[in-house]
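# What the coordinates show
One letter stands for each residue in the lines below.
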Amino acid sequence: MGCTSSVYALGRKKKVTIPEIVVYVPAIRIPLQSDLPRALKGVIPKELVDRLTCLRNQIVLVAEDTDGSAITELRRALEEYLTLLIGLTKKENGLEDLVEFKWKNLGDYGKQEAFVANSWFELLSVVHMMAMLTLSEANSLMIPKDFSGSAVRVLSSDCKREAVDLLLKASGYLEFCIKNIIVHIPPDIKIMLPKDLQDGVLEAISIQALGQNSTANSTMSLVSRITYHGTEIQLGLAVDCQKATLSVKRRLACELLIYYSQAYQCLSGCDMNHGYGKKHLWFIKWKFLQAKAAAYYYHGLILDKGNEPSCHVSAVCCFLAAEEILAESKKACLTFSLAPPTTRSPPLWGAMKHLHQTIPEVASRKSQMYGYLLEEEKALQALPELPNFQLSLRPDNYELPEIDQAWNTEKWEIESQTLKEHLKDCENNTGSDTESE
């Protein structure tokens, strides 16, 4: 009471930190304490049980104590844990359903806890956590450490390149979850999975990660300076690069538009009626509208180079559409930021800063310049279709690590329980079950 009174007497208030989002990171799921020794005692060697338990408990403690910020330490522990966990998924070992694994959302947002007795669920949760930590690391890299709130944002090329590599890696983790893990989870368990682990949600996040990286490969031979950077970063660099043609810029924007359109389609069949779900949808809408505005703007610039009146009319239609869509994207950005949990959007920079400045200006100037054509050619006032491009990026290829040698069953020596120990375990188990009831 004294401490509380003194704090308020001094007029101090607890500082509320609102995180900034450049790369969208859904809720990170972390493990809860699970009783592995109880389930595996007498089934596999005690040394193996102890290693599994120790590593999992280490992940639990570090994740809880640091709110998932100790990414390097967690990644190292998760990768080592995987080499042991794989053994529980092997059908020949017959251990898939022995242990009830417990997980929850970090911060318990939405109270999404999951208790599932299936080792494939545990494997899915571990690889998913690795993907979310990787996205979180990419987001941190895109926020300058010395950023003081000014509108000027400067990022080193190394940070951009590393962020792109991380996004591709995260996409690879999620693709592996979809193609190689979820297929092994029984249907009755799959329908009970947390909303964050739905197939469509995982696929949408994987596509988003590609979208924030798209066309790094396709522009390599055209614009060497913008290779290996994310799409929005590439557009920003292309604005200042004389070698970057309008066709390259349009392709970058169109590919990004396709990625976000695909991500939205993936979520359309998922239950998104929860906090993070609604925020996720608003993020996709915001980025989709930004990409669409950019695509129509650059498409309009290309059309405007034509000599026919119809070309100029179509160009003006593109510019006016881009201006309107850009205004919608600003509203979507605000709604995304305010949707719980509240976040801050980064200041305009790179391509988006350039587009927010030039689109309204060009739309106004060109509509005045070709106003007479708009009156004369009313029949031509239709918004032209955007070109369709083949997507150029694929997720990084991820494979599980080699199974630990401790799973060499030929060398196993399993301790047998005495009758007294067995009766004591049964008594403890009965007591635990009574307490839980």
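Residues numbered from 1 in each chain as written. Predicted model: local features only at pLDDT ≥ 70, side-chain atom pairs only at ≥ 80, totals over all residues. Heavy atoms only, no water.

Where an unreviewed UniProt entry is consulted, the protein chain appears under the name BRO1 domain-containing protein, with the organism given as Citrus sinensis.

### Regarding the overall build of the protein chain
The line we're drawing: Here a strand is any run of E in DSSP of at least two residues, a helix any run of H or I of at least four, and the numbering for each starts at the N terminus. Buried, partly exposed and exposed residues are distinguished by accessible area as a fraction of the type maximum, computed with a 1.4 Å probe on protein chains only: under 20%, between the cut-offs, and over 50%, respectively. Contacts are assigned to residue pairs with any non-hydrogen atoms lying within 4.5 Å of each other. Each accessible area value is a Shrake-Rupley result obtained with a 1.4 Å probe; residue values ignore everything except the protein chains displayed when judging cover.
Helices and strands together make up the secondary structure of the protein chain, namely 15 helices and three strands. Counting the 437 residues in the protein chain, one finds 49% classified as buried. Looking at the protein chain alone, contacts between residues at least 24 apart form 77% of all its contacts between residues at least 6 apart. Summed over all atoms, the accessible surface of the protein chain reaches about 22100 Å², with 52% contributed by carbon and sulfur.

### Overview of the packing of helix α8 (residues 199–211) against helix α10 (residues 246–267)
Selection criterion: Throughout, an axis means a line fitted to C-alpha atoms (over the contacting stretch in the case of helices), and angles, computed between N-to-C directions, take values from 0 to 180 degrees. Here is the rule for angles: anything less than 35 degrees is roughly parallel, anything more than 145 is roughly antiparallel, 65 through 115 is roughly perpendicular, and the remaining ranges are oblique. Any residue outside Ala, Val, Leu, Ile, Met, Phe, Trp, Tyr, Cys, Pro, Asp, Glu, Lys and Arg is labelled polar, Gly included; the first ten of those are nonpolar and the last four are charged.
The contact between α8 and α10 brings their axes to 8 Å, and the two run at 170 degrees. Between α8 and α10, the angle falls in the class roughly antiparallel. Across from G200, V201, E203, A204, I207, Q208, L210 and G211 in α8, the residues of α10 making contact are L256, Y259, Y260, Q262, A263, C266 and L267. Grouping the amino acids of the contact of α8 with α10 by side-chain chemistry returns 10 nonpolar, four polar and one charged.

### Observations concerning the nonpolar core
Here is the rule we go by: Here, the term nonpolar core denotes a set of buried Ala, Val, Leu, Ile, Met, Phe, Trp, Tyr and Cys residues that are joined through side-chain atoms within 4.5 Å.
Counting 119 residues, the largest nonpolar core has L52, L124, M129, L135 and Y297 as the members making the most contacts within it. The biggest single contributor to this core is helix α5 (residues 119–141), with 14 residues.

### Side note on the pairing of strand β3 (residues 113–116)
Quick note on the threshold: A pair of strands is considered paired only if DSSP assigns at least 2 bridges between the two.
The alternating pattern of β3 places A114 and V116 on a buried face and E113 and F115 on a face that is not buried. Pairing analysis gives four bridges linking strand β2 (residues 101–105) to β3, with the strands arranged antiparallel. Opposite W103, over in β3, you have A114 as the bridge partner.

### Looking at the environment of E399
Within the fold, E399 resides in the loop between α14 (371–376) and α15 (419–436). Spatially, the C-alpha atoms of E399 and N180 are 9.5 Å apart, while their sequence positions differ by 219 residues.

### Thoughts on the packing of aromatic side chains
Worth spelling out the cut-off: Classification of ring pairs rests on two measures: the distance between centres of Phe, Tyr or Trp rings, Trp counted by its six-membered ring, which must be within 6.5 Å, and the angle between planes, read as stacked under 30 degrees, edge-to-face over 60 and tilted in between. Both a distance and an angle decide whether a charge sits over a ring: NZ of Lys or CZ of Arg must be within 6 Å of the ring centre and within 35 degrees of the ring normal.
Within the structure shown, the criterion is met by 11 aromatic pairs. Measuring from ring centre to ring centre gives 6.0 Å for Y297 and F319, while their planes differ by 55 degrees; the resulting arrangement is tilted. Remark: F319 occurs in helix α12 (residues 309–338) and Y297 occurs in helix α11 (residues 275–303); sequence separation between them is 22 residues. Given a relative accessible area of 1%, F319 falls into the buried group. By way of ring pairs, the aromatic residues Y24, Y260, F283, W286 and F336 are connected into one cluster. Over the ring of F336 we find K279, and its NZ or CZ is 4.3 Å from the ring centre.

### Description of the packing of α5 against helix α6 (residues 157–181)
Using the following cut-off: In this scheme, a crossing is called left-handed if the near helix is turned counterclockwise away from the far one by less than a right angle; it is called right-handed if the turn is clockwise.
Two numbers describe how α5 lies on α6: the axes approach to 8 Å, and their chain directions differ by 165 degrees. Judged on the interaxial angle alone, α6 and α5 are roughly antiparallel. The handedness of the crossing between α5 and α6 comes out as left-handed. Across the contact of α5 with α6, the residue classes break down as 19 nonpolar, three polar and three charged.

### Concerning the environment of A39
Within the secondary structure layout, A39 lies in helix α2 (residues 36–40). Each C-alpha atom of the pair A39 and L95 lies 9.7 Å from the other, and the pair is 56 residues apart in sequence. Dropping the residues within four chain positions of it, A39 is found in contact with L98 and V99.

### A few points about the side chain of S206
In this structure, S206 sits in helix α8. The residues touching S206, leaving out its near neighbours within four places in the chain, are S171, L174, E175 and P395.

### Some points on empty space enclosed by the protein
Our working rule: Only protein atoms enter the calculation, which uses a 1 Å grid: trapped sets of points that fit a 1.4 Å probe without letting it out are cavities, open sets showing protein on both sides within 12 Å along at least five of seven lines are pockets, and any residue with an atom within 4 Å of a point is a lining residue. Grid points are joined across faces, edges and corners, and a volume is the space filled by probe spheres set on the points.
All chains considered together, the criterion is met by one cavity of 30 Å³ or more. Looking at the largest cavity, its volume works out to about 70 Å³. In this structure, the largest cavity is lined by Y24, P26, K195, D196, Q198, V201, D271, M272, H274, Y276, G277 and H280. No other element matches the three residues that α11 contributes to the lining of the largest cavity. Class assignment of the residues belonging to the lining of the largest cavity gives a composition of five nonpolar, four polar and three charged.

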